[in-house]
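# A look at the structure
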Amino acid sequence: MICRRELLKVHFSRHDLGIRIIEGRVYVKNSDWFSYRFLLFDDIFCSDVIDGTFVIYPKDIQENKDFRLRLKLASIGESERAKKVRALSYLQAKEDILFFFNIFLWTYDPRTEEKSLPFVTWDYQDEYILRLNEEIENAVIEKGRQDEFTDKSRDMGVTWMVLGIFYHRWLFKRGEEFRIGSRKEDYVDKSGDMDSLFEKLRYFTQFMPNWMLPKGFDRRRNQPYMKIVNSENGCAIIGEAT
C-alpha cells in the first residue's frame, strides 16, 4: 500500500469545504487557511494512489465492495473528517467519470447469486465511457448535433454504460436534457422491470448516497414515469417510445 502526503504552500481565499484542485491534484486546506495539504484517501483510510494523484480504486470485486463500504462508513456523520470525505468524494466523482462508475454505480444481473453488483469497469469499458462522454461534451461545446453509433452485442454492458454516462452528466452538468427510447414503451419504463431503461436509472439512484444527489431530491417525486429531473441544475432524462 502506498501512503504518502505532500505539502504545497499557496494563498487562497477562504472556502467552506477547504478543497481545491491544482494541476489535477486534490488539496485540502490546513487550519491556518493559507497552507494546502495534498489529500490522499490515506487521510481517511490507507489507499493506493497513481503518481500522487487521485485514488486507485480496486478492480477486484470483493476489494471494490470493501472499499465502497469503508468510504460509506467514513462519510457518515457531521465530523470534520466525514465532511471532507463527502466533499472530496463528490469532487473526484465530478471530475473523474471512471471513479464515479467504479465507486458509486451498481448494476443488476439476475443470473448471479447476489443480483446487485458493483459497476467495476473493464478496460474496453473505460475506453468507451471516456470516448462517448467526450463526444457528448464536444457536441455541447460546439452546440451542434453529433451522431455516435455503437455496434452492440449482449453482455458487454453498453446499455448500463450509456445510462451511467447520462446519469453522471445529469448529476454534475447544467441544463442538459437526454432522451432515451425504445420501440416499445414498456422497454423504456415499466415499474419493477429491470429490463426497462428507467428502472436501471432508478437503480443507480437506489444506491446513491443522499449527499451525492441534488439538494432536495425526492426519490419518488423527481423520478416519475419516463422522467428523472434534477431541479438543482436543470438537467433531465426523458423517455419516449419510438
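Please refer to the structure higher up on the page.
Residues numbered from 1 in each chain as written. Predicted model: local features only at pLDDT ≥ 70, side-chain atom pairs only at ≥ 80, totals over all residues. Heavy atoms only, no water.

Moving on, we come to the overall build of the protein chain. Across its full length, the protein chain holds 7 helices and 11 strands. The buried share of the protein chain, taken over its 242 residues, is 46%. Taking contacts inside the protein chain between residues at least 6 apart in sequence as the whole, the part at least 24 apart equals 59%. A total of about 13800 Å² of accessible surface is found on the protein chain, and carbon and sulfur atoms cover 50% of it. (Helix = DSSP H or I, 4+ residues; strand = E, 2+ residues; numbered from the N terminus. Buried < 20%, exposed > 50% of the residue type's maximum accessible area, 1.4 Å probe, protein only. Contact = heavy atoms within 4.5 Å. Areas by Shrake-Rupley, 256 points an atom, 1.4 Å probe, with all protein chains shown as cover.)

Taken in spatial order, the 3 strands of this open sheet run S9-S11-S10, and their pairing is mixed. The open sheet has two free edges, formed respectively by strand S9 (177-182) and strand S10 (227-230), since each of these has just one partner strand. Along the sheet, successive strands turn relative to each other by an average axial angle of 15 degrees, direction set aside. Pairing of S10 with strand S11 (residues 235-241) involves 4 bridges; the strand directions are antiparallel. Considered in S11, the bridge of Asn230 is made with Cys235. Contacting S9, S10 and S11, helix H5 (residues 158-172) crosses the sheet at an angle of about 145 degrees to S11. (Pairing = 2+ DSSP bridges. Axes fitted to C-alpha atoms, helices over the stretch in contact; angles between N-to-C directions.)

Below, the discussion takes up helix H4 (residues 123-142). Between the first and last C-alpha of H4 there are 29 Å, a value that for 20 residues agrees with the 28 Å anticipated at 1.5 Å per step. Listing the buried residues of H4 in full gives Gln125, Asp126, Tyr128, Ile129, Leu132, Asn133, Ile136 and Ala139. In this structure, the buried side of H4 is in contact with helix H3 (97-104), H5 and S9. (Expected span 1.5 Å × (residues − 1).)

Considered as a void within the structure, the largest pocket measures approximately 1400 Å³ in volume. Lining the largest pocket are 37 residues; nearest its centre among them are Gly157, Val158, Thr159, Trp160 and Lys200. When contributions to the lining of the largest pocket are tallied by element, the ones reaching two or more residues are strand S7 (106-108), strand S8 (116-118), H4, H5, S9 and helix H7 (197-207). For the lining of the largest pocket, the element with the most residues is H5, which contributes 6 residues. Among the residues making up the lining of the largest pocket, the classes are represented as 18 nonpolar, 9 polar and 10 charged. (1 Å grid on protein atoms, 1.4 Å probe; cavity = no way out; pocket = protein on both sides within 12 Å on 5 of 7 lines; lining within 4 Å. Points joined across faces, edges and corners; volume = space filled by probe spheres on them. Nonpolar A, V, L, I, M, F, W, Y, C, P; charged D, E, K, R; others polar.)

Now for the side chain of Asp96. Tracing the backbone through its elements, the reader meets Asp96 in the loop between helix H2 (80-95) and H3. Polar contacts involving the side chain of Asp96 include one to the main-chain amide nitrogen of Leu98, which spans 3.1 Å. (Polar contact = N/O pair within 3.5 Å; in protein donor to acceptor, adjacent residues only side chain to side chain.)

The side-chain alternation of S10 yields one buried face, formed by Ile228 and Asn230, and one unburied face, formed by Lys227 and Val229. From the end of S10 to the start of S11, which pair antiparallel, there are 4 residues, and Gly234 there has a positive phi angle of about 80 degrees.

Look at Lys115: it is not a glycine, yet its phi comes out positive at around 70 degrees. Mapping Lys115 onto the fold places it in the loop between S7 and S8. Residue Met226 is not a glycine yet carries a positive backbone phi of 60 degrees. Position of Met226 relative to the elements: it lies in the loop between H7 and S10. Residue class for Met226 comes out buried when judged on its relative accessible area of 10%.

The subject of this paragraph is the packing of H5 against H7. To characterise two packed helices, one gives the angle between the axes of the helices and the distance between these axes. Running from amino to carboxyl end, H5 crosses H7 at an angle of 60 degrees, the nearest separation of the two axes being 10 Å. With respect to their mutual orientation, H5 and H7 come out oblique. In the packing of H5 onto H7, the handedness of the crossing is right-handed. Contacts between H5 and H7 involve Thr159, Trp160, Leu163, Gly164 and Tyr167 on the former and, on the latter, Leu197, Lys200, Leu201, Tyr203, Phe204 and Thr205. Broken down by class, the residue content of the contact of H5 with H7 amounts to 7 nonpolar, 3 polar and 1 charged. (Parallel < 35°, antiparallel > 145°, perpendicular 65-115°, else oblique. Left-handed = near helix turned anticlockwise from the far one by under 90°.)

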